[in-house]
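Geometric and topological summary
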Amino acid sequence: MDALDAALADSADFARLITLADLRPRRTGAAMAALAAKMGLSPTDANTLALMASKRRLFVLPQLLRDLRARIADDKGEVTAEVTSATALTRRAGRQAGRNAEGAGRQGP
């Protein structure tokens, strides 16, 4: 998943490829297979990309990755918090806020 996230973030060509509706599924599948091999993706990830290409569903890849990450985090019991500060936090204050958030997540009812 990390490799696919990085490819989407770093490669405009890859991001464009998954949104092109006019490419034939066979051609897109071949391109995805080549990219998967070059990226060193697992066989499961490579097969998933090939299936998505054959069904013209590559455009949902970013959402799929976000959903998978959220499900994994939920399974691990991780919680995401967004912190907003009126002023920029010092490094020390930022670390303390992180520790406070971690401690709050461990507290029971």
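Heads up: these notes are all about the structure in this document.

Rules of the game
- Residues numbered from 1 in each chain as written.
- Predicted model: local features only at pLDDT ≥ 70, side-chain atom pairs only at ≥ 80, totals over all residues.
- Heavy atoms only, no water.
- Helix = DSSP H or I, 4+ residues; strand = E, 2+ residues; numbered from the N terminus.
- Rg over C-alpha atoms; globule rule 2.2 N^0.38 Å.
- Buried < 20%, exposed > 50% of the residue type's maximum accessible area, 1.4 Å probe, protein only.
- Expected span 1.5 Å × (residues − 1).
- Arc of directions from axis to C-beta.
- Contact = heavy atoms within 4.5 Å.

Check the secondary structure of the chain and you find six helices and zero strands. Ordered by position from the N terminus, the helices and strands of the chain form the series α-α-α-α-α-α. The globule rule puts the C-alpha radius of gyration for 109 residues at 13 Å, and the 19 Å found for the chain is more than 25% above it. Based on the C-alpha atoms only, the size of the chain along its principal axes is roughly 50 × 30 × 25 Å.

Even without being a glycine, Arg56 presents a positive backbone phi close to 55°. Along the chain, Arg56 falls in the loop between helix 4 (43-54) and helix 5 (61-76). On the basis of relative accessibility, which here comes to 44%, the residue Arg56 falls in the partly exposed class.

This part is about helix 4. With twelve residues, helix 4 extends 16 Å between its outermost C-alpha atoms, agreeing within 8% with the 16 Å of an ideal straight helix rising 1.5 Å per residue. The complete set of buried residues in helix 4 reads Leu49, Met52 and Ala53. The buried side chains of helix 4 occupy one side of the element, clustering within an arc of 100° when seen end-on. Every exposed residue of helix 4 that faces more than 90 degrees away from the buried side is listed here: Pro43, Thr44, Asn47 and Leu51. Tucked into the core, helix 4 has its buried residues touching helix 1 (2-10), helix 3 (25-39) and helix 5. At the exit of helix 4 stands Arg56, carrying a positive phi of roughly 55°.

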